[in-house]
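Chain residues, written in single-letter form:
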Amino acid sequence: MEKTVTLQDSGAIDTQTLDINIGPQHPSTHGVFRMNMKLDGETVVSLKPVMGYLHRNHEQIAENMFYLGSMPYTDRLDYFNSMTNNFVYALTVEKLAQIEVPERADYIRVIMSELTRLVNHVSVTGFLLNDLGAFFTPVLYAFRERERILDIFEEVSGARMMCNYFRFGGVKYDLSGEALVAIKDVVSRFPKFLDEYEKLLTKNEILCMRCQNVGILSPELAISASITGPMLRASGVNYDIRKVDNYSIYDRFKFRVPLGKVGDVYDRYYVRILEMRESLKILEQALKEIPAGEIMAKKMAPFVKAPRNFKPPLGESYARVEAPKGELGIYIVSDGTPQPWRYHVRAPSFINLTILEDLCVGHKVADAVVILGSVDIVLGEVDR
Amino acid sequence: MFYGSGVLRGMLVTLKNMIQSYFCKPEDGGLFTSQYPEKRLPEKERFRNFPFLIYDKEPENLRCVACDICAKECPPKCIYIIRDFDTDGKPLKKPKIFDIDLTVCMNCGICEEACPFDAIYMDHEFEISGRERQGSLLYHKDDLLKSNEHFHKIRPTDAAAIDTRRQEDEAKKQAVKKEPPKPPSTAS
Amino acid sequence: MKAEDIRAKLEKNVPSAKIKVVRDSLLVENPADLHNVVLALKSDSDLRLDYLSSLTASDFVDYLETVYHLYSIDKRIGPVVLRVRVKRDNPKIPSLVAIYRGAEFQEREAYDTYGITYEGHPDLRRIFMWEGFEGFPMRKDYEQEDSETLDKDDIEWLDRNGVKVPDEMRQKALNPPAPAEDKPATPPAS
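Caption draft 1: Structural context of the overall build of chain C. Per the secondary structure count, chain C includes five helices and seven strands. For chain C, the succession of helices and strands along the chain, N to C, is α-β-β-α-β-β-β-β-α-β-α-α. Taken over 190 residues, chain C has a buried fraction of 47%. Here chain C displays about 10300 Å² of accessible surface, and carbon together with sulfur accounts for 47% of that area.

So, in structure tokens, the structure goes:
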């Protein structure tokens, strides 16, 4: 316990700051994450994030593994969005070994990663409402839609969450006609669901009161602290890696980047809703244009049956994608052997936590929980 | 709009959903969950869980030749193979021990991709449990063996494609064998 | 923008810093120059590298290296890759937290896994490993604990609790076999 601090409003009574640990086992911390808080009354004075409970040294495992062997491990980074994790790993190795991806495979990749974005955003808004106290009605509405998309993932890749679907130079299976029809069905019914969801939430007075002007992140701090993803855009910074880097074939699609004005929790919530609408636009275009053809690069054909023999040339590469949680990057140094010399994951949830203390100080404990919910973390990725 | 209208409209949405859940089909907003042990959803063909070893007709006639490729490719290294030997000590083309630790397996399907003999495939069975922490989920060869008919049942299109390919390969082999062997050269 | 052009630009702005181009990236030869170089890159009107995307360390056996991937949000340039190399014994690199807040956790991670001390970091502690953990697990010479052999303490504990320990395991614990000589890892040429 620290020495006395005066309560702000009375000024007369001497009080002590109180140390509170939220987590590592707590429903509001989204996993095994611990917030080491100091409270003055109910106001947060300081907050230190403590992590590492789920640490399994993913990087070390990958350095002792042949290249394709890390692909199923990347699924387990951000277990909500295994497709985008696969995507960035495939992109990095393709950049390293200079592999051209066939057009159809590129389209399949874009479709899958946009579906992943829908899955993530729809459930994270649900969980945010859970943290606010709207217990499980929004999150179950969200999971109903998520279920349809996971069914598609299962049909396409064989697993609902740990997809392990992307390969260097393409994808594992082709997209069947039925799967395309199912995706079209999901895309056509999703806007209706979003309208209903927004009717339920967006103008709800309780949500507005709890979220507006809470946890404001200024654009200057956001840029300096390397915040990415919906959180950065909610602060009004126009930076979407799909637009900036034009990786894969994102330059072919027309979509807009939704921006927030204030940078509070409400903006983060609303930017995610708007991003889903933009994702649907991309999906519609991609489903219309998807060509027939190969799904695997010719250069990689010998390694389909023998992934151990794949040796990228000497060198290094860093690729990044706009994952639903922010910028997901992988850095690989190759020494010409079947195992990477260095493998590093730049995890968005991990780095977005840097400013958690700045956002929470001065707010109440209940708000700290909501702010953490709006940062959108997954502990599999934070701890790696 | 008056203050509180947002909450009221939200309430209307939940009311609508509740009423729908009684009268509509699941696709149109009806009750979406199914009561699992009684009612099962149809399995997707590509669904993968744990690997199994495939045999043709007789369990002795398994396709695995103990080449050890899957054990090497397996990312978490959950496959353990020892080759069988006959009484003279000559290596046989079948495994003596083939163990998979299901507690370590992470259902990635790389063994199935890498196998050059179509011997190992991913099963649909997911209701697996054991009473002990160690050992009871270590599956041995006998637990893993399943027939080709089982494979046809769970993954009809893949199984049919693989069967025709295997038959073609067999036919090619037969054609090569039928050619008379060249006489040994008699030159001194 | 090519690394060579940026080097020419930096030579003008920060004449004291020695910079080499390695694999299309800028190698700052003296770690003490890092602050000036980064500040020059951040304030340069053509580059404005205001966003530190990734900071990571790697072990090249002869030396440790920290790699910085910088981008510009304004100008949409990037990545500009900076590297700093330090000796394995007592590695010290100036911290970038004062310039980029985003370096805070990433430097802690690099310290945790590679043992590079970032001087000037406000709170340089282990982040994933617990306090009191010995060694730096991502270094190439880090020896992993052998899960097959028991420790002496384990045997004593088991004896005290009346658990029978097989003789074979007891022997192994008392006379641990010499660690197998790994083939020396050769780092990729820079």
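Caption draft 2: Main features of the sheet that holds strand S2 (residues 79-85) of chain B. Residues and elements named next belong to chain B. Within the open sheet, the three strands sit side by side as S2-S3-S5. Their pairing is antiparallel. Each edge of the open sheet is held by one strand with a lone partner, namely S2 and strand S5 (138-139). In this structure, strand S3 (residues 91-101) lies alongside S5, joined through two bridges in antiparallel fashion. What sits directly across from Asp101, in S5, is Leu138.

Caption draft 3: Local environment of the pairing of S3 of chain B. Residues and elements named next belong to chain B. Of the pairings in the sheet, the one linking S2 to S3 comprises six bridges and is antiparallel in character. Residue pairing in the sheet places Ile81 in a bridge with Phe98 of S3. The hairpin formed by S2 and S3 contains five residues between the paired strands, and Gly89 there has a positive phi angle of roughly 90°.

Caption draft 4: Focus on the packing of aromatic side chains. Throughout the structure, instances matching the rule amount to 33 aromatic pairs over all chains. Arranged with centres 5.8 Å apart and planes meeting at 75°, the rings of Tyr239 of chain A and Tyr51 of chain C form a pair that is edge-to-face. On the criterion of chain membership, the pair formed by Tyr239 of chain A in the loop between helix H9 (230-234) and helix H10 (241-244) and Tyr51 of chain C in strand S3 (residues 51-59) is interchain, its members lying in two chains. Pair check on accessibility: Tyr239 of chain A and Tyr51 of chain C agree, each one buried. Ring geometry for Phe350 of chain A versus Phe105 of chain C: centroids 5.8 Å apart, planes at 40°, classification tilted.

Caption draft 5: Layout of the domain arrangement of chain C. Considered domain by domain, chain C is made up of domain 1 (3-119) and domain 2 (145-175). Measuring from the centre of the C-alpha atoms in domain 1 of chain C to the corresponding centre in domain 2 of chain C gives 48 Å.

Caption draft 6: Molecular detail of the packing of helix H6 (residues 177-201) of chain A against helix H11 (residues 265-289) of chain A. All names here are of chain A. Between H6 and H11, the least distance of the axes is 10 Å, while the angle of their chain directions is 160°. Judged by the angle between their axes, H6 and H11 are roughly antiparallel. As H6 packs across H11, the resulting crossing turns out to be left-handed. Note on element contacts: H11 touches H6 through Tyr269, Tyr270, Ile273, Met276, Arg277, Leu280, Leu283, Glu284 and Leu287, opposite Leu180, Ile183, Lys184, Val187, Phe190, Pro191, Leu194, Asp195, Tyr197, Glu198 and Leu201. Looking at the contact of H6 with H11, its residues break down into 15 nonpolar, no polar and five charged.

Caption draft 7: Seen up close, the pairing of strand S8 (residues 315-323) of chain A. All names here are of chain A. Burial of S8 is extensive: nine of the nine residues sit out of reach of the surface. Of the two faces of S8, both are covered, the one formed by Gly315, Ser317, Ala319, Val321 and Ala323 as well as the one formed by Glu316, Tyr318, Arg320 and Glu322. Bridge count for S8 against strand S9 (residues 326-334) is nine bridges, and the pairing is antiparallel. Within S9, the residue paired with Ala323 across the bridge is Gly326. Linking S8 back to S9 in an antiparallel pair, the connection comprises two residues.

Caption draft 8: Broad picture of the interface of chain C and chain A. Between chain C and chain A, the contact holds 43 residues from the first and 44 residues from the second. Sorting the residues of chain C by area buried against chain A places Arg101, Phe105 and Phe128 of chain C first, and these three jointly supply 20% of that buried surface. Here chain C is connected to chain A by four salt bridges. Put simply, Arg83 of chain C and Glu316 of chain A hold a salt bridge, and the shortest N to O gap is 2.5 Å. At the junction of chain C with chain A, the criterion picks out 22 residue pairs in polar contact (both at pLDDT 80 or more).

Caption draft 9: The arrangement of the packing of helix H5 (residues 137-157) of chain A against H6 of chain A in detail. Residues and elements named next belong to chain A. Look at H5 against H6: their axes get within 11 Å of each other, and the N-to-C directions meet at 170°. One finds that H5 runs roughly antiparallel with respect to H6. Residue-level contacts link Pro138, Tyr141, Ala142, Arg144, Glu145, Arg148, Ile149, Ile152, Glu155 and Val156 of H5 to Glu178, Ala179, Ala182, Ile183, Val186, Arg189, Phe190, Phe193, Glu196, Tyr197, Leu200 and Leu201 of H6. Across the contact of H5 with H6, the residue classes tally to 15 nonpolar, no polar and seven charged.

Caption draft 10: Inspection of the interface of chain A and chain B at higher detail. Counting residues at the interface gives 40 residues for chain A and 32 residues for chain B. Counting the surface lost from both chain A and chain B, the interface buries some 3200 Å², and carbon and sulfur atoms represent 51% of this. If you sort the residues of chain A by the area they bury against chain B, Lys199, Glu205 and Lys305 of chain A come out on top, with a joint share of 18%. At the boundary of chain A and chain B, one finds three salt bridges. Ionic pairing is found between Lys172 of chain A and Glu113 of chain B, a salt bridge with its closest N-O pair at 3.3 Å. Here chain A is connected to chain B by 18 residue pairs in polar contact (both at pLDDT 80 or more). Looking at the side of chain A that touches chain B, the element that brings in the most residues is H5 of chain A, giving ten residues. Broken down by class, the residue content of the side of chain A that touches chain B amounts to 17 nonpolar, six polar and 17 charged.

Caption draft 11: Structural context of the sheet that holds strand S5 (residues 80-87) of chain C. Residue and element names in this part refer to chain C. Taking strand neighbours across the sheet as the criterion, the five strands line up as S1-S2-S5-S4-S3 in an open arrangement whose pairing is mixed. Lying at the two open borders of the sheet, with one neighbouring strand each, are strand S1 (19-22) and S3. Ignoring strand direction, the axes of neighbouring strands in this sheet form an average angle of 25°. Both strand S2 (residues 25-28) and S5 contribute to a ladder of three bridges, which runs parallel. In the strand pairing of S5, Leu26 is matched with Leu82. On the sheet, helix H2 (residues 34-43) packs against S1, S2, strand S4 (63-71) and S5 and is oriented at approximately 175° with respect to S5.

Caption draft 12: Local environment of the arrangement of the chains. Contacts are most numerous between chains A and C, considering all two pairs of chains that are in contact. The closest approach of any C-alpha atom in chain B to one in chain C is 15 Å; the two make no contact.

What counts, and where the lines are drawn
- Residue positions are given per chain, counted from 1 along the sequence in the order it is written.
- The naming scheme follows written order: chains are lettered A onward, ligands numbered 1 onward.
- Local features in this predicted model are restricted to residues whose pLDDT is 70 or higher, and side-chain atom pairs enter the listing and the counts only when it is 80 or higher, whereas totals over whole chains, interfaces and linings include all residues.
- Values shown for side chains rest on all heavy atoms present in the structure; no hydrogens or waters enter the calculation.
- Starting at the N terminus, helices and strands are each numbered in turn, a helix being any DSSP run of H or I of at least four residues and a strand any DSSP run of E of at least two.
- Only protein chains enter the area calculation, which uses a 1.4 Å probe; residues under 20% of their type maximum are buried, those over 50% are exposed, and those in between are partly exposed.
- To be clear on the numbers: accessible area is Shrake-Rupley with a 1.4 Å probe, and residue cover counts the displayed protein chains and nothing else.
- For two strands to be treated as a pair, DSSP must find no fewer than two bridges joining them.
- Stacked, edge-to-face and tilted labels apply to pairs of Phe, Tyr and Trp rings (six-membered ring for Trp) whose centres lie within 6.5 Å, assigned for plane angles under 30 degrees, over 60, and everything in between, in that order.
- What fixes the domain bounds is an automatic or database domain assignment.
- Interaxial angle, 0 to 180 degrees, is taken between N-to-C directions of lines fitted to C-alpha atoms, where a helix line uses only the stretch in contact.
- If an angle is under 35 degrees, it is roughly parallel; if it is over 145, roughly antiparallel; if it lies from 65 to 115, roughly perpendicular; otherwise it is oblique.
- By convention, the crossing between two helices is left-handed when the near helix turns anticlockwise from the far helix through less than a right angle, and right-handed when the turn is clockwise.
- The contact definition used throughout considers only heavy atoms, calling two residues in contact when any of these lie within 4.5 Å.
- In the scheme used here, Gly and all other residues not listed as nonpolar or charged are polar, with Ala, Val, Leu, Ile, Met, Phe, Trp, Tyr, Cys and Pro taken as nonpolar and Asp, Glu, Lys and Arg as charged.
- Accessible surface is computed with a 1.4 Å probe, and the buried area is the amount of it that two parts give up when combined, taken over both parts together.
- Within this document, salt bridges are pairs made up of a side-chain nitrogen of Lys or Arg and a carboxyl oxygen of Asp or Glu, the two lying within 4 Å of each other.
- Here a polar contact is taken to be a pair of N or O atoms separated by no more than 3.5 Å, where protein atoms must pair a possible hydrogen donor with a possible acceptor and residues adjacent in sequence count only if both atoms sit in side chains.

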